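Here is what each chain is made of, one letter per residue.
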Amino acid sequence: MALPVADVDAEVLGWVADRADELLASAAVDGAVVLDARRQLAGDSAALLSVLQQLPDAFGSAVAPPRENFASRIELAPGVWSTPEWSGDREMCAHHEGAQLADPPAWLLMALVRPADSGGEVFLADTRKALQELPIELRDDFAADGWLLQRNFRPHLGVGWDEVFGTKDPVRVEELAGQWLVDVEWARDGSLRATSRRPAIVRHPGTGADCWFNQLAFLNHLSIPEPERAVLLDAFGVGGLPLTTLRGDGTAVSADQYDAISRSYLSSQQTVELLSGQILLVDNVAAAHGRTPFTGLRVVAEVPFGHVASS
Ligand SMILES: [Fe+2]
């Protein structure tokens, strides 16, 4: 099914502010809406970034800065970020903005700043349908105990704890972890284990539909291609990996579960052709998003805004 496309035929911010509720309601049902502002913004990165900065306000909400990042990202303009650094030759499989947070953002704006030479298409999947596609026993398992994100921070391996917590002070790390509902545990060698328990299924605040909303497959080590995965498992074991997801009882996600979760997105997955000057308004709970592999220097700007709990 094609996504709704809204033809923005006036100054973008005022036009959005006049129909903000209608646009957000449409995104809740269809997963996303394309705001087509090519006439105003195509080929003008400065104007695009300026509009993106101000759009959360036009929607009557506030920007939700990315936190607890699993990969580095660049702030392209105040309140506007690049997508997380993720190898261009790997698909970024279906995931959500900040679903590892206790207070995930409700919406995400995406816009093309620089196209790839080839590939790099955005795709979306319907999380209500993904939930229905899952085997009942898997759904029940994760409905009961949620899922765990487990990170082991070691020097010089991936994003450091100082970058994630924005401080080099271990006491401040513990304060922030308490606020963010993350359990932290220091090892004698100064490495840090951080574990977050999150629900796997979330009731959409607008539609009331149950949605499969988590990073279970995306951040699981089974998504890492071989032979890199084997090297990591050899070095650290599942419990010591720099980043992985676990079942709510702390046991590993099985290969069958991983495959079933990955497959659950496919029946509703659709590619979105995002053109310069168009802005994709994604309902972060109703839709999971991803991108295909690409070549070249693709740049996509993102603005997460609002919070699921308070939206
Ligand atoms: Fe994303």
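These numbers were taken from a predicted model, which means no experiment stands behind them.

## What about the coordination of the iron ion?
Part 1 of the argument: At the metal site, the iron ion is ligated by H95 (NE2) and H289 (NE2), and these contacts range over 2.1 to 2.2 Å. On the criterion of sequence distance, the pair formed by H95 in strand β5 (residues 92-95) and H289 in strand β17 (residues 287-291) is long-range, its members being 194 residues apart.
Part 2 of the argument: What makes H95 buried here is its relative accessible area of 5%.

## Re the packing of aromatic side chains
Part 1 of the argument: Under the criterion given, the structure shown has 8 aromatic pairs.
Part 2 of the argument: Pairing F70 with F218 gives two aromatic rings, centres 5.4 Å apart and planes at 80 degrees, and the pair type is edge-to-face. Of this pair, F70 sits in the loop between α4 (45-58) and β3 (75-77) while F218 sits in the loop between β13 (210-212) and α9 (228-236), placing them 148 residues apart in sequence. In this pair, the class of F70 matches that of F218, namely buried.
Part 3 of the argument: Ring pairs connect the aromatic residues F59, W107 and F305, which therefore count as one cluster.
Part 4 of the argument: Looking at R298, its charged tip hangs above the ring of F294, at a distance of 5.7 Å from the centre.

## A look at the UniProt feature "domain: TauD/TfdA-like" (unreviewed entry) in the protein chain
Part 1 of the argument: Cross-referencing UniProt, the feature "domain: TauD/TfdA-like" (unreviewed entry) maps to residues 59-296 in the present numbering.
Part 2 of the argument: Taken end to end, residues 59-296 is 22% helix and 29% strand, and its first and last C-alpha atoms sit 33 Å apart.

## A look at the nonpolar core
Part 1 of the argument: With 32 residues, the main nonpolar core has L35, L52, L55, F59 and I279 as its most contacted residues.
Part 2 of the argument: The greatest single-element share of this core, amounting to 6 residues, is contributed by α4.
Part 3 of the argument: In terms of nonpolar packing, the next biggest core, distinct from the first, is built from 27 residues, L138, A200, W212 and L219 among them.

Calculation rules
- Residues numbered from 1 in each chain as written.
- Predicted model: local features only at pLDDT ≥ 70, side-chain atom pairs only at ≥ 80, totals over all residues.
- Heavy atoms only, no water.
- Donors = N, O, S within 2.8 Å, 3.2 Å for Na, K, Ca; no water.
- Helix = DSSP H or I, 4+ residues; strand = E, 2+ residues; numbered from the N terminus.
- Buried < 20%, exposed > 50% of the residue type's maximum accessible area, 1.4 Å probe, protein only.
- Phe/Tyr/Trp six-rings, centres within 6.5 Å; stacked < 30°, edge-to-face > 60°.
- Lys NZ or Arg CZ within 6 Å of the ring centre and 35° of its normal.
- UniProt positions renumbered as here; feature names shortened; annotations may be inferred.
- Core = buried A, V, L, I, M, F, W, Y, C linked by side-chain atoms within 4.5 Å.

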